[in-house]
Amino acid sequence: MHPIYMDHHATTPLDPRVLDAMMPYLTHEFGNASSRTHPWGWRAEEAVDAARQQVAAALNCRPDEVVFTGGATESNNLAIKGVAAAYRDRGKNHIVTAKVEHSAVLEPCQALERQGFAVTYVDVDRFGVVDPDEVRAAITDETALISVIWAHNEIGTIQPLAELGRIADETGAVLHTDGVQAFAKYDSDVEKLGVDLMALSAHKIYGPKGVGALYIRKRRPRIRIQPQIEGGGQERKLRSGTLNVPGIVGLGKAAELYGECRDEERERVGALRDRLRDTLLDRVGYIHLNGHPIERLYNSLNVSFEFVESESLLMTLRDIALSSGSACTSASLESSSALLATGMDDSLAHSAVRFGLGRGNTVEEVDAVASAVIDAVARQRELSPLYEMKRRGVDVMASE
Ligand SMILES: Cc1ncc(COP(=O)(O)O)c(C=O)c1O
């Protein structure tokens, strides 16, 4: 079996068409987009402008509402810390976010708490969904910002952003979303979604690593942001630093490509994910589906195999790239905080495996992954005394 990559929530391969678009800017078109006095600079600036339009088209916003950054971690930091700093002088020092957020949102919120901001972390239900009423109830006169992830990187759950957008409108709070996993894959029209700020990243949509953007609403209402990186004043002073022209061109191209293939890809990759899910649910006992069964990313499957420790399972499947949680936390053996936030117990959280399907996966790969995982789960369970007792009908809890 050839190695199979099924970890597309962590990152995606560069689409060859994206590389082709970037290539001139990695070679002979090396100009600095801020150089105003010669053609190298002008051509670099033109390329950045074109990419800005491509990203703006995906967001249905104006090009000047797109700020290029070094990735979504930076975009989230700029959104959260930038709004907090800009609104503080209006007596707004409160943020509402969710317990399931990515560390790129949780950590900036915790940093702000250390500076005296108040942060409310709202709960989620067993599918990982935020309750808009709970968000509304958490809002006070001092709330500057609501930050809720659009689609979850581990459990795939999609949040009711439009409802949160209405709450933000009614209360005057700014709505930010970490849009990384859904941007471009889903209709990312910021008017329909009702968001004021959105973080996105190129390497999750078959673009290059180290480049992303923040959408910042400029009208109705105009959102104020205090820059977090100061220097040469690029990106209308919101993000100083020489622009990563090839990366930005790649982000623009990757976003544009989704515009052309979004529905087809959703159908095809969604069918592959369903096939994998149905095979596993059919053929493996004591299996739990994590995240929302319907309101979830079409390329995402997360299941817990009872009596199996997912880290050990993945070690036996070295030719298949899967994950037990988010790549950012997979260096630690702590349970996923997102799974625990859904009310799952620690041992089931330790049994969770994430399958992230993508553009290049095939039916043959799905079937190969399913059968390899089914065999590996069976082998792990053979080593589990708890599983053996369960199989023999011994009540484990009663015998303790
Ligand atoms: C939901 C989410 N937010 C933020 C990030 C960070 O993005 P980046 O790698 O562009 O900094 C990731 C991916 O790692 C993610 O999945």
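Above this text sits the structure in question.
Residues numbered from 1 in each chain as written. Predicted model: local features only at pLDDT ≥ 70, side-chain atom pairs only at ≥ 80, totals over all residues. Heavy atoms only, no water.

1. Remarks on helix H3 (residues 72–87)
Taking 1.5 Å per residue, 16 residues should reach 22 Å; H3 reaches 22 Å between its end C-alpha atoms and fits that length. Turning to H3, its buried residues are Ala 72, Ser 75, Asn 76, Asn 77, Leu 78, Ala 79, Ile 80, Gly 82, Val 83, Ala 84, Ala 86 and Tyr 87. (Helix = DSSP H or I, 4+ residues; strand = E, 2+ residues; numbered from the N terminus. Expected span 1.5 Å × (residues − 1). Buried < 20%, exposed > 50% of the residue type's maximum accessible area, 1.4 Å probe, protein only.)

2. Remarks on the sheet that holds strand E10 (residues 300–305)
An order of E9-E10-E12 is seen for the three strands of this open sheet, with the pairing classed as antiparallel. Of all the strands in the sheet, just strand E9 (287–289) and strand E12 (352–356) have a single pairing partner and so form its edges. Going across the sheet, the axis of each strand differs from the next one's by a mean of 25 degrees, ignoring polarity. Along the sheet face, helix H8 (residues 245–283) touches E9, E10 and E12 and points at about 15 degrees away from the line of E10. (Pairing = 2+ DSSP bridges. Axes fitted to C-alpha atoms, helices over the stretch in contact; angles between N-to-C directions. Contact = heavy atoms within 4.5 Å.)

3. So, the packing of aromatic side chains
If you walk through the whole model with that rule in mind, you get five aromatic pairs. A centroid spacing of 5.6 Å and a plane angle of 90 degrees characterise the contact between Tyr 286 and Phe 307, whose relative ring orientation is edge-to-face. Here the residue Tyr 286 occupies a position in the loop between H8 and E9, and Phe 307 occupies one in the loop between E10 and helix H9 (310–315), the gap between them amounting to 21 residues. Their ring planes at 85 degrees and their centres at 6.1 Å tell us that Tyr 286 and Tyr 387 sit as a pair that is edge-to-face. Note that Tyr 286 is positioned in the loop between H8 and E9 and Tyr 387 in helix H13 (residues 385–391), a separation of 101 residues in sequence. Judged by relative accessible area, which is 34%, Tyr 286 ranks as partly exposed. Three or more aromatic residues joined by ring pairs form one cluster here, namely Tyr 286, Phe 307 and Tyr 387. (Phe/Tyr/Trp six-rings, centres within 6.5 Å; stacked < 30°, edge-to-face > 60°.)

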